[in-house]
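Here is how the chains run, residue by residue.
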Amino acid sequence: VKYFFERNYKMETLKFNLDKKSGKFKILNATNGGPWHKRHVHDQWRSNFADYKAARIPYSRNHDSNLSGTVYGGPYAHDITAIFPNFDADPENPDSYDFACTDESILVTLDAGTKTFFRLGQTIEHQIKKHGTIPPKDFKKWAVICEHIIRHYNYGWADGFNLNIEYWEIWNEPDLDPDDSKNKRTWGGTQRQFFDFYETAAKHLKSCFPELKIGGPALAGDEKWAAEFLDEMKNRNVPIDFFSWHIYCTEPESLTNKAERMRRLLNDNGYESAESILNEWNYVKGWEEWFIYSIKTIIGIKGAAFTMACMSAAQHSSIDMLMYYDTRLSPFCGLFDFYTYKPLKGYYPFKWYGMFYDMEAEIKCSTEIKDIYTLCGVDSNNKTLTVITYYTDNDTAENKTVNIDFSKSGKYEIYLLDNEHDAELIRTTDELTFDMKPNTCVLVKEIV
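Quantities reported herein were computed from a predicted structural model and do not represent experimental measurements. (Residues numbered from 1 in each chain as written. Predicted model: local features only at pLDDT ≥ 70, side-chain atom pairs only at ≥ 80, totals over all residues. Heavy atoms only, no water.)

J.: Can you walk me through empty space enclosed by the protein in this structure?
T.: Gaps between atoms show up when a probe of the same size as a water molecule is rolled over them. One pass over the structure, following the stated rule, counts two cavities of 30 Å³ or more. Quantified by volume, the largest cavity comes out at close to 50 Å³. Lining the largest cavity are Ile106, Leu110, Lys115, Thr116, Leu163, Asn164 and Ile165. Broken down by secondary-structure element, the contributors of at least two residues to the lining of the largest cavity are helix H4 (100-111) and strand S4 (115-120). (1 Å grid on protein atoms, 1.4 Å probe; cavity = no way out; pocket = protein on both sides within 12 Å on 5 of 7 lines; lining within 4 Å. Points joined across faces, edges and corners; volume = space filled by probe spheres on them. Helix = DSSP H or I, 4+ residues; strand = E, 2+ residues; numbered from the N terminus.)

J.: For this particular structure, what's the right way to read unusual backbone geometry?
T.: Most peptide bonds take the trans configuration, and most residues that are not glycine carry a negative phi. With an omega dihedral of -5°, the bond running from Gly216 to Pro217 counts as a cis peptide bond. Residue position: Pro217 is located in strand S6 (residues 213-219). Of note, the amide linkage connecting Tyr325 to Asp326 takes the cis form, showing an omega dihedral of 0°. Counting through the fold element by element, Asp326 comes out in the loop between strand S9 (321-325) and helix H11 (347-355). At Asp64, a position not held by glycine, the phi torsion is positive, near 65°. You can see Asp64 is positioned in the loop between strand S3 (59-61) and helix H3 (80-83). In this structure, Ala218 is a non-glycine residue whose phi angle is positive, near 60°. Locating Ala218 in the fold gives a position in strand S6.

J.: Is there a simple way to explain the pattern of salt bridges in this structure?
T.: For side chains of opposite charge, pairing can occur when their charged atoms come near one another. One pass over the full model with this rule turns up 29 salt bridges. Between Arg39 and Asp111 there is a salt bridge, and its shortest N-O distance comes to 3.0 Å. With Arg39 in the loop between strand S2 (27-32) and helix H2 (49-54) and Asp111 in helix H4, the pair connects residues that are 72 residues apart, well separated along the chain. The exposure class assigned to Arg39 is partly exposed, which follows from its relative accessible area of 39%. With a closest N to O distance of 2.7 Å, Lys285 and Asp393 form a salt bridge. Of the two residues, Lys285 sits in the loop between strand S8 (275-283) and helix H9 (291-298) while Asp393 sits in the loop between strand S12 (384-390) and strand S13 (400-405), which places them 108 residues apart along the sequence. A single salt-bridge network, built from bridges that share partners, covers Arg192, Asp196, Glu199, Lys203, Glu232 and Arg236. (Salt bridge = Lys/Arg side-chain N within 4 Å of Asp/Glu carboxyl O. Buried < 20%, exposed > 50% of the residue type's maximum accessible area, 1.4 Å probe, protein only.)

J.: I tried to follow the environment of Thr428 on my own but got confused; where do I start?
T.: Within the element layout of this structure, Thr428 appears in strand S15 (residues 422-429). For the pair Thr428 and Lys411, spaced 17 residues apart in sequence, the C-alpha to C-alpha distance is 6.9 Å. What Thr428 contacts, discounting residues up to four positions off in sequence, is Lys411, Tyr412, Glu413 and Ile447. (Contact = heavy atoms within 4.5 Å.)

Shown next, in the form of structure tokens:
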């Protein structure tokens, strides 16, 4: 304590009223991409399966997964053009489909305790010539193909399964490039063509499977486009069970503020019951001169603190589900090392958040401290689990001294995630005052 006062640190207190219990914890540690593991290979010298499973990731979106080379299904999985390679073939004939690699990736992910959030569409194409992102020449036939893919995974069609995959997302980022672009990476047609396409697919799939959640369109970021899309879908009476959207940013508040704008758009267009799902997000300071800085940040402690801060902020927002981009083999993966498959700093926020699924209720913090983000829950024995995150994008920020007040005494295990510690137990104590470095996370687990 003397050290704090000598440095003139101001101690600030986070107060938690354990008598005021809120709801359950949302699904906020879902991802894009599954475990790097092969069910059909017995001797594997690299696999992140055990660590992935330990994080208790509830859903994995399978978008862009075929960019991961030899893991997670590889280039012959998930995209409609991979599963149904000849568009002129008969969609009623099982021989027209190639399910093997998609089966493998879905089943290995399920073995890890993670359900697939199935993106019906195509991987982004950065190549000089586009192939799968060109609009299908027959929208209704495309919808019928998707119908049979759903029947394969949920209803046993074509030697299939009964996996009860709930979420089926139509396409990805149709708004990424404007209609006059010469390099359209995700939807090669016009906005109007996409509206027709989405209407056809959504109405057909919802009529076939009213029990499932059909939605989209995985908005890249154009909010004017989103407003026009939702207005048009309302006028055409198109069902939307969930609205998916993306953001890459450097501040959790950018994420939560956009969430409120998306929620208002949905409500204003009569989609009050539609879930708001942010299913691509990560730290990006810029896509050009700041891009290398961004991907270096993602794999380090600052990226980990950003992740934990975003999860914490999202719990107190209108977001229904978060899906981090991503856990496939890519520069955007802050969880696992590209070469060794071992956990990076960014793995531990996912594992820590998974622990909150055991809590009976959330306890909200009644005080606010700038750049401090909190999560707190109580279990059936009224024991607390708390994560405190100090995240800032300011590289010259100073330490903060933070005190936790539960209005009761107790004994706690303290785990630290910073540059020197990988979510390690550092002490057991009854004293809950912490001198926190910028971009540090502390887990406080009550034991007595």
